[in-house]
Amino acid sequence: MYGSTNLSEEDARRMNTTVEDPEKLEAFEARIARGEKIEPQDWMPVEYRKQLIRMIEQHAHSEIVGALPEGTWITRAPNFRRKLALIAKVQDEVGHGQLLYSAAETLGKTREEMMNDLLSGKSKYSNVFNYPANTWADIAVIGFLVDGAAIVNQTINSKGSYGPYCRALERICYEESFHLKQGHDNVVYLATGTKHQRAILQDAINRWYRPLLHFFGPPDVQSAHSEKLMKWKVKLASNDDMRNQFLDMYVPKILELDITFPDPNLKKNEDGIWEFSDPDWDEFKRVINGDGPCNAERIAVRKFAEEAGRWVRQALMNPSEKYQVPLA
Amino acid sequence: MSSLDPRVNRLDFKKATDGEVHTNSHLITWEVFHQDKRGKQAVHVGIVHASTPEMALILAKEQYARRGKTTNLWVAKTSDVYTFSTHDEDIFETTPEKTFRDPAFYKVRDRIEKFQNRNKVTI
């Protein structure tokens, strides 16, 4: 549901100082410039591998943690059709997590190592999933707008240079188009329903507005840049460009339902760029660093699942089998 | 912990204090091949982690056959699949040049027409 290409300042510094074999680097960069994909067995710069692992892993964590706020409402879906759709969507998200863990595994980090880094807090997941789904309308808004934002991000990333990640993203985008459509359907039903249904939808939009602006990461002027990540087609569009594309596609689809956004400054200027009030980037940093409304619960649930399921995994283990990095 | 999720509220978190995946819990991976229609080829779609082929098939069904048409799935242990090294990609480089293997390489109409004109052949 999400892939972060934001570099820490330390990473950005290292990106520009690591020295690689110039001949191999040239061949690698020439391959990417020709539009060809990099496959797991190919030579690749240390930092390319590292940044891809970080990014794909975070994306994978986001998928499985993202299933938690939505799963909250499976038991209380308003009817059978909505319940079926929500179960299918949550199952898809967990499946997407598996696909992405597999893609990251081809780069040499095992799924178990990634899981441990999630549980210890070393590895992050998308900030939006640290917010609660208070009402059924949150499920509608997540399905439509959080998935919409994710599709903008993922469609762009699927044009990247690493073959296994691109293949996973293509499958994911295909499946998420269903998430988006059922989310839109759900939003439209609430918006065209009773006064109360409209009120809970408006309330959900009000609460999700800022996390959605946070979704694409800090403004370009604040985020650490790496020309190399662009050159290597690990990052394909800037945070601001993706955010703008998202607002352009989805703001009109909410406004046409006579639902508003809680920001008097949200408007498109003459250059086609969306302007909005400062969505409180300090809050974004606070929540990423653990101080969000649901961070503790999300990790506690994952830890419980790991520990409660351990005896099953141990019973299934065949110690004579040796793990090997998957092929693609 | 008080959660909005009734399922979370039913968990006994006191029982789970050691939330670490033990590193000996790697299950091996299986390469999955998907056949959408009877008569079509099975195509590689990705991997699953499993301890037995039966478990690999069940997980492959959940992962790669959730929508659309499926006739069958195949799984093979990753360690049983052999490939060329990507460094050997150049061994296939000259294949597209072998136009003599291509039916479109064989064009005789011009020659037939010249022959017919030269020899006044009519049918």
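You'll find the structure just up there.
Computed from a predicted model, the values in this text were never measured in an experiment.

1. Examining the overall build of chain B
Here's step 1: Scanning chain B for helices and strands turns up three helices and three strands.
Here's step 2: Listing the helices and strands of chain B from first to last along the sequence gives α-β-β-α-β-α.
Here's step 3: Since a compact globule built from 123 residues should have a radius of gyration of about 14 Å, the 29 Å found for chain B marks it as more spread out than a globular shape.
Here's step 4: Along the three orthogonal principal directions, the C-alpha set of chain B runs to about 100 × 35 × 25 Å.
Here's step 5: Sorting the 123 residues of chain B into buried and exposed places 24% on the buried side.
Here's step 6: Taking all contacts inside chain B whose residues are at least 6 apart in sequence as the whole, residues at least 24 apart take part in 38%.
Here's step 7: Carbon and sulfur atoms form 54% of the exposed surface of chain B, whose accessible area is close to 9,300 Å².
Here's step 8: Each charge class in chain B can be summarised by its mean position, and for the 20 positive and 17 negative side chains these summaries are 12 Å apart.

2. What about empty space enclosed by the protein?
Residues and elements named next belong to chain A.
Here's step 1: Under the definition given, this model contains five cavities of 30 Å³ or more.
Here's step 2: In terms of lining residues, the largest cavity is bounded by L145, Y209, L212, L213, F246, L247, Y250, V251 and F261.
Here's step 3: Elements supplying a minimum of two residues to the lining of the largest cavity: α8 (195-214) and α10 (239-255).
Here's step 4: Broken down by element, the lining of the largest cavity gets its largest block of residues, four residues, from α10.
Here's step 5: Grouping the amino acids of the lining of the largest cavity by side-chain chemistry returns nine nonpolar, no polar and no charged.

3. Digging into the packing of helix α3 (residues 46-71) of chain A against helix α6 (residues 136-157) of chain A
Think of two packed helices as two axes; the pair is described by the angle between the axes and how far apart they sit.
Residue and element names in this part refer to chain A.
Here's step 1: Between α3 and α6, the least distance of the axes is 12 Å, while the angle of their chain directions is 170 degrees. Relative to α6, the element α3 lies roughly antiparallel. Like other packed secondary-structure pairs, α3 and α6 cross with a definite hand, here left-handed. Facing α3, whose interface residues are M55, H59, E63, P69 and E70, α6 presents I139, I142, Q154 and N157.
Here's step 2: Of the residues assigned to the contact of α3 with α6, the class counts are four nonpolar, three polar and two charged.

4. Observations regarding the nonpolar core
Residue and element names in this part refer to chain A.
Here's step 1: By size, the foremost hydrophobic cluster in this structure holds 97 residues, and its most contacted members are Y48, I56, L145, Y162, W208 and F246.
Here's step 2: Residue contributions to this core peak at 14 residues, all from α6.
Here's step 3: Dropping the residues within four chain positions of it, W208 is found in contact with V128, Y131, P132, D138, V141, I142 and V146.

5. Description of the pairing of strand β1 (residues 29-35) of chain B
All names here are of chain B.
Here's step 1: Among the seven residues of β1, six are classified as buried, and the element is accordingly described as predominantly covered.
Here's step 2: Sheet topology note: the β1/strand β2 (residues 43-49) ladder contains six bridges and is antiparallel. Within the sheet, the bridge partner assigned to H34 lies in β2 and is V43.

6. Some details on the interface of chain A and chain B
Think of interface size as the accessible area that goes away when the parts come together; that is how it is often given.
Here's step 1: Listed per partner, the contact involves 50 residues of chain A and 44 residues of chain B.
Here's step 2: Carbon and sulfur atoms supply 56% of the area buried between chain A and chain B, which totals about 4,300 Å² over both sides.
Here's step 3: Its largest share of buried area at the contact with chain B, chain A owes to E112, F304 and L327 of chain A, together 14% of the area lost on that side.
Here's step 4: Linking chain A to chain B there are five salt bridges.
Here's step 5: Connecting chain A to chain B are 14 residue pairs in polar contact (both at pLDDT 80 or more).
Here's step 6: Contributing elements (two or more residues each) for the side of chain A that touches chain B: α3, α4 (80-105), α5 (111-120), α7 (163-191), α12 (295-308) and α13 (310-316) of chain A.
Here's step 7: Split by residue class, the side of chain A that touches chain B holds 19 nonpolar, 14 polar and 17 charged.

7. Things to note about the sheet that holds strand β3 (residues 72-77) of chain B
Residues and elements named next belong to chain B.
Here's step 1: In spatial order, the strands read β2-β1-β3; together these three strands make up an open sheet with antiparallel pairing. Of all strands in the sheet, those with a lone pairing partner are β2 and β3, marking the two edges. The average angle at which neighbouring strand axes cross in this sheet is 30 degrees, direction not considered.
Here's step 2: Examined bridge by bridge, β1 and β3 share six bridges and lie antiparallel to one another.

Basis of the calculations
- Residues numbered from 1 in each chain as written.
- Chains lettered and ligands numbered in written order.
- Predicted model: local features only at pLDDT ≥ 70, side-chain atom pairs only at ≥ 80, totals over all residues.
- Heavy atoms only, no water.
- Helix = DSSP H or I, 4+ residues; strand = E, 2+ residues; numbered from the N terminus.
- Rg over C-alpha atoms; globule rule 2.2 N^0.38 Å.
- Buried < 20%, exposed > 50% of the residue type's maximum accessible area, 1.4 Å probe, protein only.
- Contact = heavy atoms within 4.5 Å.
- Areas by Shrake-Rupley, 256 points an atom, 1.4 Å probe, with all protein chains shown as cover.
- Lys, Arg positive; Asp, Glu negative; His and termini not counted.
- Charge placed at Lys NZ, Arg CZ, Asp CG, Glu CD.
- 1 Å grid on protein atoms, 1.4 Å probe; cavity = no way out; pocket = protein on both sides within 12 Å on 5 of 7 lines; lining within 4 Å.
- Points joined across faces, edges and corners; volume = space filled by probe spheres on them.
- Nonpolar A, V, L, I, M, F, W, Y, C, P; charged D, E, K, R; others polar.
- Axes fitted to C-alpha atoms, helices over the stretch in contact; angles between N-to-C directions.
- Parallel < 35°, antiparallel > 145°, perpendicular 65-115°, else oblique.
- Left-handed = near helix turned anticlockwise from the far one by under 90°.
- Core = buried A, V, L, I, M, F, W, Y, C linked by side-chain atoms within 4.5 Å.
- Pairing = 2+ DSSP bridges.
- Buried area = accessible area lost by both parts, 1.4 Å probe.
- Salt bridge = Lys/Arg side-chain N within 4 Å of Asp/Glu carboxyl O.
- Polar contact = N/O pair within 3.5 Å; in protein donor to acceptor, adjacent residues only side chain to side chain.

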